[in-house]
Amino acid sequence: MRILLLVLLFFLNLKSFAQSTKKLTLVDATTQKVIPFANVVFNGKAYKGTSTDIDGVFYVAATIKTITISYVGYETKTVNLIDVTDQIITLQQKVSTLEEVVISSSENPAHRIIENVIANRDLNNPKNLGSYTYISYDKIIVDIKDRKPVTNSVDAGQNLFKDAHFFITETVAKHKYLKPRFTEDSVIARRTSGLKNPNFAILANTFQPFSFYSEHIELFATPYLNPISKGSTKKYKFRLKDEYLVGTDTVFVISFEPKANRNFEGLTGLLYINSNQYAVESVDAKTYNSGKIDVTIQQKYKFVNNQYWFPEQLNFEIIVGEGADAFKYVGKSYLSEIKPNTALTKKDFPFVSLTLPESVGGKDSKYWDNYRKEVLNTQELRTYTLIDSIGEDVDFDRFLKFPQKFFEGRFPLKYVDVDLRNVIRFNKHENVRLGAGFLTNDDLLKNVSLGAFAGYGFRDGAWKYGGSLDIDVPGKKDVSFHLNYENSIREVGTYAGNNIRNPFVARNIIASQMDAIEALNVRTDMKLLRNMNWSLGFNTAEVTPLYNYEFINNNSAVRRYTNSEVNFGIGYHVNEKLINSFGATTRLANDTPIFNLVYSRGLEDAFNSDFSYNKLRFTLDHSFISKGLGKTGYRLDLGYIDTALPYGLLFTGEGTLDRQIPFVVPHYFQTVTPYEFLSDRYAHLFISHNFGRLFNNKGSFQPDILWHNNFGIGSLEHPASHQFITFETKEALFLETGLELQNLIKLPFENFGYAGFGLGAFYRYGYHSFENTEDNFAVKFSFGFSFR
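What you see is a predicted model; the values in this text were computed from it and never measured.

K.L.:
Please clarify how unusual backbone geometry should be interpreted in this entry.
P.N.:
If a residue is not glycine, its phi is most likely negative; likewise, a peptide bond is most likely trans. The linkage connecting lysine 179 with the following residue, proline 180, adopts the cis geometry, with an omega of 10°. You can see proline 180 is positioned in the loop between β9 (167-178) and β10 (182-192). Even without a glycine there, the phi angle at aspartate 605 is positive, about 80°. In this fold, aspartate 605 is placed in the loop between β35 (594-602) and β36 (614-626). Residue aspartate 605 is classed as exposed on the basis of its relative accessible area, which comes to 63%.

Listed below in C-alpha cells is the structure:
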C-alpha cells in the first residue's frame, strides 16, 4: 500500500508539473533555425531567469507573467506570456548601422575573462577527472542543405523526399573513461533508416571532440586553434557582447574570430563563460574559411554534483558542398546518468573502444522514448517509413559489405570476393600485369577464406600465380592464421615499405629490380596486449635473380639460392583507438608515436636453406603540432644484418628518383635512384614540416607549404661479394632538403572537395652530392585531396 501511494503521489506531482510549466522554443524569425543559449529573464528581474538549450528550448512556470529574451545579434524582445498561443517564439536579427568599436588589447574586458578561462582550463576539463560514465542518445540526420519547392518533373526525385530526410539514425550508448586514455563506447541500441541489421554506429563524438578544452579542436583531420588555448588573445579577436546573472553567477557572452593575417586554422562564434570557476557553460563555434566543408559545433555544459562542469548536450552541423547540391549532416547528442569518478580499472576496458554487439537492434518505440529528449517529429517518422520501405525493396543491408571490402582491396560477390590487388599492376619490370584473384567469403565459410590468383606480365612474358588460406579466430584477441604459396616475383631489398604485392602503393610503379621466387609462408597475427600487435611466421623461398648478378660466398659464385627464415614482429601504438564497424576492427589514425620492430632469423639447412643470419628492422612514426607554426612529422628507420647475404636479402630500394615518373613519395629519399645504395646496416631519418597555409590564408591561391629534410647513413661489409651490379654505400652522412607546395592547383571534385596538384623541388648536398649542380636537383609532382 505504501508503494502504491508513493507511485500515485509521483504521478500527481508529474501531472501538476506538466500543467504548471510551459515549454517554448526560440527560433530566428527569418530562417526558422533554433537559437541556442539565449538569455531569458523572468518578470523583468535580471537575477531570475533561464537560457535556451542547444535546441532553443526553455521552460517557464505558470507564475511567470513576462519574459525578456536577448541574444547577440538580435533585437531584445519582451513577451507577455498571456498572449502566447504557440510554442514558437521568434527573434528578429538586429540591423546595425553603426561601425563596431575595436578595443585595443590593453582595454579589452573580454581578455581578462578569457585569461581566467585559460587559467582554469585544467580544472574544468572533464578529461582530467579520474574517471566517469554516462549514457548518450545520439540522432544524426542527412538531408539537402536548402530544399526548394518542387516545380517540375525534373525535381521528381526530390518530391519523393518532400516530407522526409534522406537518412536518419539513432543510437544509445554507454560510455566509460579512465584517465589518462582508456575509453569505451558500448552501443546498447541502434536504429538506422533503410537497414535491418546495420553493422556500424555513428556517435556525435565521432565528428567533434567530447569537450572544448584541447589546445586544438580537430575537425575532419584539420586542427583548429582553440580560442581558449594558451596565448589565444594574441591570435583571436574577442569582444564582450553581453553579461547576465544566473542565480549568483554571472554569464559572460564573448564573440571570437581569428585576427587578420592569421597563420592558423581558426574558428568563429560565441563563448558563454560562467563566473563559477570561469568554465565554458556553452559554446557555438564554426570553422572559418574552411572551403567546401563547413562545420558548426555546439556544446552545453552543466555543473554536476556542485563540483564538476560536464557536457550535457553536443550538436554538430556539417555542410558538404556548395549551392543546390550541398548536403547537410545534423547530429544531436544528449547525455544522461553522468557519474564522475566512478570506480573503474583498466580491466574494465576492452581492446576495442567502440563495441557493437549483434543484439542491439529490434528495440520497440517505448524503449526509444525512454532516451529521446523529444518525440520524433512528422518528418523524422516519415523518413523511417519511406527509407525502410525502399531499403526492404532494394536490400540496403547487402551494400554494407562494400565499404570494408573495398578498404581491404576486395569487391564482394556471392560466395567469393574479387581480389582487386591482382586485377592489374604496374611496375617497370612487368610494365603491366593483368590477372584475376578470388577469395571465398563468409557466405561460403564463416571466418575461413580460400584464395587463388594468376597474372601475366607483358614485359617479362611470365605468368605468376599462387594461393592462400586465411583463418580468423573469433574472440577479443583478434587472432588469425595465414598460409600462402606463390610462384611470382619480389623486389630486391627488404627496406621498410617495399611490397609490390600491394598495387595501390605509388612507390611500386618504379620498382624494376626483381627476384623470381617460389615461396611458402605461414604466419599468425594476434593482439595479446593493449596497444600491441604481435606476429610470428616462417617462410621459405627458392630465389632466382632476374638481373645479371653473382654472390661470392666462401669463394663460390652463387646465383640461385634457397632462403628460410622465422620472423617475429611487434607493433606498439601509443594511445591506440580501435573501433568495430562495418564488420571489421579498424584503427583510427592519430598523431601519437607508432613503434614497429621485426626480427628475422635465417635458418641454414632448413628446407635446404643456404644462410644463417640475424636481421632487425625498426621504425618509429610520430607527428605533432607546433602552435602557429604547423605540423611536424618524422620517421626514424633502422636496419641491421649481422652477416654477408645475397643482394636481394640486403637493404636497398630507399630511393624514388625516376626522371620519367617524378612524384613525391613520403618517407623515401627524393634525390636517390631506387637502388643507388646498398647496406647491411643503416639509419634513416625523414622529417617533414607542414606550414599549412601559414604564409597565405586568403583568396583562392592557398597552397600547403612543406619543408622536407632527410638524412641517412649506412655501411656494407664485404662489398666485393656482389658481382656485376653497381651500387654505392653511405658510410658518410647523406643529406637532402626540399620544398613542396601541395594543392598548388585545385580542381573541384564532385562539389564537395578539391583534387590537388602540387610541385616539389629537392636538393642533395654534402658528401654524396654530384659535381654538376643540376644533377643534385629533383623536381617532382604531388597529388592529394582536400575540402578547402
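Further notes follow.
K.L.:
Which parts of the structure should I look at to understand the sheet that holds strand β30 (residues 550-553)?
P.N.:
Consider a sheet: its strands pair through backbone hydrogen bonds, and that pairing is either parallel or antiparallel. Judged by pairing direction, the sheet is antiparallel, and its three strands sit side by side in the order β31-β30-β40 without closing on themselves. Taken across any chain shown, the strands that pair with only one partner, and hence form the sheet edges, are β31 (556-558) and β40 (722-723). In this sheet, β31 lies alongside β30 in antiparallel orientation, the contact comprising three bridges. Within β31, the residue paired with phenylalanine 551 across the bridge is valine 558.

K.L.:
Got a minute to help me understand the pairing of strand β15 (residues 267-274) in this structure?
P.N.:
Successive side chains on a regular strand alternate, one facing one side of the sheet and the next facing the other. Taken across its eight residues, β15 has seven buried, putting it largely inside the fold. Note: strand β14 (residues 249-258) against β15, six bridges, orientation antiparallel. The residue bridging isoleucine 254 from the neighbouring strand is leucine 271, located in β15. One ladder, built from eight bridges, connects β15 with strand β16 (residues 279-287); its direction is antiparallel. In the sheet register, threonine 268 faces β16, and the bridge partner there is lysine 286. Hairpin connection of β15 to β16: four residues between the antiparallel strands, including glutamine 277 at a positive phi of 65°.

K.L.:
Please explain the sheet that holds strand β7 (residues 88-91) as it appears in this structure.
P.N.:
Within the open sheet, the three strands sit side by side as β4-β1-β7. Their pairing is mixed. Two strands close off the open sheet at either side, each with one partner strand: β4 (57-61) and β7. On average, each strand axis in the sheet is tilted by 35° relative to the strand beside it, whichever way the strands run. Sheet topology places strand β1 (residues 21-28) next to β4; five bridges connect them, and they run antiparallel. Note that in β4 the partner of lysine 22 across the bridge is valine 60.

Each value, and the rule that gives it
Residues numbered from 1 in each chain as written. Predicted model: local features only at pLDDT ≥ 70, side-chain atom pairs only at ≥ 80, totals over all residues. Heavy atoms only, no water. Helix = DSSP H or I, 4+ residues; strand = E, 2+ residues; numbered from the N terminus. Buried < 20%, exposed > 50% of the residue type's maximum accessible area, 1.4 Å probe, protein only. Pairing = 2+ DSSP bridges. Axes fitted to C-alpha atoms, helices over the stretch in contact; angles between N-to-C directions.

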